[in-house]
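Architecture and fold: a report
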Amino acid sequence: MASIDPQTLRETIGRFRILIMGRANAGKTTILKKVCNTTENPEVYNAKGDKVRYRGNHDIRNEMVFKSNPGFGFFDSCGFEAGSEKEFEDMKEFISEHANATKLEDRIHAIW
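What counts, and where the lines are drawn
Residues numbered from 1 in each chain as written. Predicted model: local features only at pLDDT ≥ 70, side-chain atom pairs only at ≥ 80, totals over all residues. Heavy atoms only, no water. Helix = DSSP H or I, 4+ residues; strand = E, 2+ residues; numbered from the N terminus. Rg over C-alpha atoms; globule rule 2.2 N^0.38 Å. Buried < 20%, exposed > 50% of the residue type's maximum accessible area, 1.4 Å probe, protein only. Arc of directions from axis to C-beta. Expected span 1.5 Å × (residues − 1). Contact = heavy atoms within 4.5 Å.

**Observations concerning the overall build of the chain**
From N to C terminus, the chain includes three helices and six strands. Secondary structure of the chain in N-to-C order comes out as α-β-α-β-β-β-β-α-β. Taken over the C-alpha trace, the chain has a radius of gyration of 14 Å; the compact-globule value for 112 residues is 13 Å, and the two agree within 12%. Along the three orthogonal principal directions, the C-alpha set of the chain runs to about 45 × 30 × 25 Å.

**Structural notes on helix α2 (residues 28-35)**
Residues of α2 that are buried include every one of K28, T29, L32 and K33, and no others. Buried residues along α2 cover an arc of 140° about the axis, so they all sit on one side. In α2, the exposed positions angled more than 90 degrees off the buried face are occupied by T30 and K34. Following α2 by one or two positions, N37 has its phi on the positive side, about 55°.

**A look at helix α3 (residues 85-99)**
Counted at 1.5 Å a residue, the expected span for α3 with its 15 residues is 21 Å, and the 21 Å between its end C-alpha atoms agrees. Buried residues of α3: M91, F94 and H98, and no others. When α3 is viewed along its axis, its buried side chains cluster within an angular range of 65° and face the same direction. Pointing more than 90 degrees away from the buried face of α3 are the exposed residues E85 and K86. Where α3 is buried, its residues contact β1 (16-20) and β5 (69-76).

**Description of unusual backbone geometry**
One non-glycine residue, N37, lies in the positive phi region at around 55°. Within the element layout of this structure, N37 appears in the loop between α2 and β2 (43-45).

Here it is as structure tokens:
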């Protein structure tokens, strides 16, 4: 198996994309702030790459990027509580779409 130069890989995928899953209000963004060594809220971009408001309704397709770590993009599962079948189905569809993406930069690279 051929090895890939890490710098080439970073240039190819742009951002390392991570789906973070957990209950609503469980502190997912707080954990990400600690991991990214920041106290600032992330910038949020929709699937088209347009910047959107951070607070309000979550959309699993919105990518959160911290200025302190622009090489990582995070996707929030929005939380799924008992009886929230729609959020669970949205998450499954999102994972399926990104697991089957042709381009490496469009895939989810990790689920946490």
